[in-house]
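Notes for the structure review
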Amino acid sequence: MTDVDAPVPGVRPLSPDESRTYWDERHRTRDELASGGNIAFDRGTNQMLYAVRTARLVEVLGAHSDAEYPLRVLDAGCGKGFFSRQLASFGHRVDGIDTSPHAIAQCRAQGGPSETYHLSALTEWAPPHLYDAVVCIDVLYHLMDDDEWAASVLHLASLVRLGGVLGLVDHDRDEDVVWHDYQKTRARSRYAELLSGAGFTVARFVTNDFMEDPSGMHVAVRVG
Amino acid sequence: MALKELVSSYTGGEAGRRLLHSEAAAPLAQALADARPAGENDGGDPAVRVDLAPSGREAETAQRALGDSGERDVVVLLCVCLPENLPAGPLVDVVTRAGARVVRVEGLRTRHARTAVVITRDATVPGVSYLLGHAVTDEDAARRRLANEWQVEGFQLRALTATLERRLEGALAEAGALRVEKAAVESRLSAREKEHAKVVASLERHLAERGLAPRIRKAARIISSDPVGGSRKVAKAVVRRASR
């Protein structure tokens, strides 16, 4: 979620290590909604935000599930696991990864039998199986370094099987915008270029459509 | 996925296929409200043909259904067996030799069938990804990706299956050994309980013969009312009795 309404000029972006420290501290000090949601919202508004975004996830992944023969989903950058638990409650089998030890500890404490949680950066997670769907919610626009961003997108893409879906949250803009020292959104053309080279077709952009929030999910399907 | 929804995804749209069901699939006709029985005079219009395969007869049913179907028909084979029991070898063999493709396989929750296998010779009907329903094309890149996934992930799944089977066998063997041990412990316990009961009965008989039971109860009352003094008193009485 974008915490500010307008770009802040002249900021020095956080380094990858500073970013990890910032998010681990945010997960440690804020409640489970504000740590990953919008820190400018009160709890009730964040509650609504998360409800709306859960509905968007259903829109992206479809309404079909089978708890006996489940879809395998990766929640990349799961934070405290809210969406992982929601996806598992729909009948999917979910792996959640995050670089914050505090967040992962909380996920494991609250998680159920259909979820596993692991301390891992986006580019490091390489399980022996493929996923039917990989979602990366409110993470990529917090990677300030372009190389890290591109490597993360491509690595997550590599984990998706043929016919599977990749959902990447960002804005739907014509250009990159630096909003804050920990927030940079990338142009839709950059996603399209990276993903088409990786064997995906970008099907659509599903906007959050909540209180003028411009964030949404680039939805891509692996076709080759 | 509901059966009706699965079937209607092949009857609707430009294809406009009719919906037919075999005699075996008649119990499902209610769930397929628009279906009519397949007959001799079906004509050349493309159709979705729903058939029901009892356990062990999946390949035979598929072969018959494909034999009755035209180039643009879609066969929806409803299998009674669970997905994990699908006879992959015979079924894939029959479909492949008939020049057809499996475009979709999913679990069902109907009373009559637990697995649906959708088969067709129509090249315009795409294969779709499991549950997500995204079309998988026949282009070079998709074929290459599919072949690579089959090799790499196929091997990983083979290895995982073997590992899980070994773990299951180990767990079953351990459970069996524990059951045997439990039975042996129960047997020993039962024998000891019988022995204990015999000893108690013998002691009670002995006490009754000697008239000691009332004395013992009196001693217990004395000790409980005055543990220190009572114990001394009872001990002296025992010594006196023993010295007689």
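This text gives an overview of the structure that appears in the document.

**Section: the overall build of chain A**
On a plain count of helices and strands, chain A comes out with six helices and nine strands. At 16 Å, chain A has a C-alpha radius of gyration in line with the 17 Å of a compact globule built from 224 residues. Dimensions along the principal axes, computed over C-alpha positions, put chain A at roughly 50 × 40 × 30 Å. Among the 224 residues that make up chain A, the fraction classed as buried is 54%. Across chain A, every contact between residues at least 6 apart in sequence was considered, and the portion connecting residues at least 24 apart equals 63%. About 9,000 Å² of surface is accessible on chain A, with carbon and sulfur atoms providing 52% of the total.

**Side note on helix H2 (residues 43-61) of chain A**
Residue and element names in this part refer to chain A. Over its 19 residues, H2 runs 27 Å from end to end, which matches the ideal 27 Å to within 8%, given 1.5 Å per residue. What H2 keeps buried is the set Thr45, Asn46, Leu49, Tyr50, Arg53, Thr54, Arg56, Leu57, Val60 and Leu61. Next to the buried residues of H2 lie helix H3 (82-89), strand S4 (131-136), strand S5 (160-171), strand S8 (200-207) and strand S9 (215-222). Trailing H2 by a residue or two, glycine 62 shows a phi angle of about 90 degrees, which is positive.

**Describing the nonpolar core**
Residues and elements named next belong to chain A. Leu74, Leu122, Leu140, Leu156, Leu166, Leu168 and Leu195 are the most contacted members of the largest nonpolar core, which totals 25 residues. Counting only elements with at least two residues in this core, the list comes to strand S1 (72-76), S4, helix H5 (146-158), S5 and helix H6 (188-197). The element that contributes the greatest number of residues to this core is H5, accounting for five residues. Residues within four places of leucine 140 in sequence aside, it is in contact with Leu122, Trp149, Ser152, Val153, Leu168, Val169, Lys184, Arg186 and Tyr191. In terms of nonpolar packing, the next biggest core, distinct from the first, is built from 23 residues, Leu57, Leu87, Val169 and Val219 among them.

**What about the packing of aromatic side chains?**
The description of an aromatic ring pair uses the distance of the two centres, along with the angle that the planes make with each other. Residues and elements named next belong to chain A. Scanning the entire structure with this criterion turns up eight aromatic pairs over all chains. Centre to centre, the rings of tyrosine 50 and phenylalanine 82 are 4.7 Å apart; their planes meet at 75 degrees, and the pair counts as edge-to-face. Residue tyrosine 50 is located in helix H2, and its partner phenylalanine 82 is located in helix H3; the two are separated by 32 residues in the primary sequence. Between phenylalanine 82 and phenylalanine 83 the ring centres are 5.2 Å apart and the planes differ by 85 degrees, which places this aromatic pair in the edge-to-face class. On the accessibility criterion, phenylalanine 83 (7% relative accessible area) is buried. Here the aromatic cluster, defined as three or more aromatic residues joined through ring pairs, consists of Tyr22, Trp23 and Tyr182.

**Quick word on the pairing of strand S1 (residues 18-21) of chain B**
All names here are of chain B. Judged by which residues are buried, S1 turns out to be covered on both faces: Arg18 and Leu20 on one side and Leu19 and His21 on the other are all buried. With two bridges connecting them, S1 and strand S2 (residues 36-37) associate as parallel partners. By the bridge assignment, histidine 21 is partnered in S2 with proline 37.

**Notes on a nonpolar patch on the surface**
All names here are of chain B. A surface patch of nonpolar side chains, amounting to about 250 Å² of accessible area, comprises Leu157, Leu160 and Leu164. Examined against the element boundaries, leucine 157 turns out to sit in helix H4 (residues 140-210). When its relative accessible area of 41% is taken as the criterion, leucine 157 is described as partly exposed.

**Details of the interface of chain B and chain A**
Across the boundary between the two partners, chain B contributes 22 residues, which contact 23 residues of chain A. Across the interface of chain B and chain A, roughly 2,000 Å² is buried in total on both sides, 56% from carbon and sulfur atoms. Of all residues in chain B, Leu131, Leu132 and Arg145 of chain B give up the largest surface area on contact with chain A, accounting jointly for 30% of the area buried on that side. The interface formed by chain B and chain A contains four salt bridges. Note that arginine 114 of chain B and glutamate 68 of chain A form a salt bridge whose closest N and O atoms lie 3.6 Å from each other. Here chain B and chain A share ten residue pairs in polar contact (both at pLDDT 80 or more) between them. Among the elements that take part in the side of chain B that touches chain A, H4 of chain B stands out by supplying seven residues, more than any other. Looking at the side of chain B that touches chain A residue by residue, the classes come out as ten nonpolar, five polar and seven charged.

**Observations concerning unusual backbone geometry**
Residues and elements named next belong to chain A. The residue aspartate 138 is not glycine, and still its phi comes out positive at about 60 degrees. Position of aspartate 138 relative to the elements: it lies in the loop between S4 and H5. A relative accessible area of 11% means that aspartate 138 is categorised as buried. Positive phi is not limited to glycine here, since aspartate 209 has a value of about 55 degrees. Classification of aspartate 209 by relative accessible area gives exposed; the value is 59%.

**Topic: the layout of surface pockets**
Taking a probe equal in size to a water molecule and rolling it over the atoms shows the remaining empty space. Residues and elements named next belong to chain A. Here the second largest pocket is characterised by a volume of approximately 540 Å³. Forming the boundary of the second largest pocket are 32 residues, of which Trp23, Gly77, Asp98, Asp138 and Val139 lie nearest the centre. Of all the elements, helix H1 (residues 16-29) adds the most residues to the lining of the second largest pocket, at five residues. Partitioning the lining of the second largest pocket into residue classes produces twelve nonpolar, twelve polar and eight charged.

**Some details on the sheet that holds strand S5 (residues 101-107) of chain B**
Residue and element names in this part refer to chain B. The strand order across the open sheet formed by six strands is S2-S1-S3-S4-S6-S5, and the pairing between neighbours is mixed. Among the strands making up the open sheet, the edge pair consists of S2 and S5. As defined by bridge partners, S1 adjoins strand S3 (residues 47-53) across four bridges and the pair is classed as parallel. Bridging across to S3, arginine 18 finds its partner in alanine 47. Across the sheet, helix H2 (residues 58-68) touches S3, strand S4 (74-79) and strand S6 (115-120), and the angle it forms with S3 is around 155 degrees.

Cut-offs applied
Residues numbered from 1 in each chain as written. Chains lettered and ligands numbered in written order. Predicted model: local features only at pLDDT ≥ 70, side-chain atom pairs only at ≥ 80, totals over all residues. Heavy atoms only, no water. Helix = DSSP H or I, 4+ residues; strand = E, 2+ residues; numbered from the N terminus. Rg over C-alpha atoms; globule rule 2.2 N^0.38 Å. Buried < 20%, exposed > 50% of the residue type's maximum accessible area, 1.4 Å probe, protein only. Contact = heavy atoms within 4.5 Å. Areas by Shrake-Rupley, 256 points an atom, 1.4 Å probe, with all protein chains shown as cover. Expected span 1.5 Å × (residues − 1). Core = buried A, V, L, I, M, F, W, Y, C linked by side-chain atoms within 4.5 Å. Phe/Tyr/Trp six-rings, centres within 6.5 Å; stacked < 30°, edge-to-face > 60°. Pairing = 2+ DSSP bridges. Patch = residues over 30% accessible without salt bridge, like charges linked within 9 Å, V, L, I, M, F, W, Y side chains within 5 Å. Salt bridge = Lys/Arg side-chain N within 4 Å of Asp/Glu carboxyl O. Buried area = accessible area lost by both parts, 1.4 Å probe. Polar contact = N/O pair within 3.5 Å; in protein donor to acceptor, adjacent residues only side chain to side chain. Nonpolar A, V, L, I, M, F, W, Y, C, P; charged D, E, K, R; others polar. 1 Å grid on protein atoms, 1.4 Å probe; cavity = no way out; pocket = protein on both sides within 12 Å on 5 of 7 lines; lining within 4 Å. Points joined across faces, edges and corners; volume = space filled by probe spheres on them. Axes fitted to C-alpha atoms, helices over the stretch in contact; angles between N-to-C directions.

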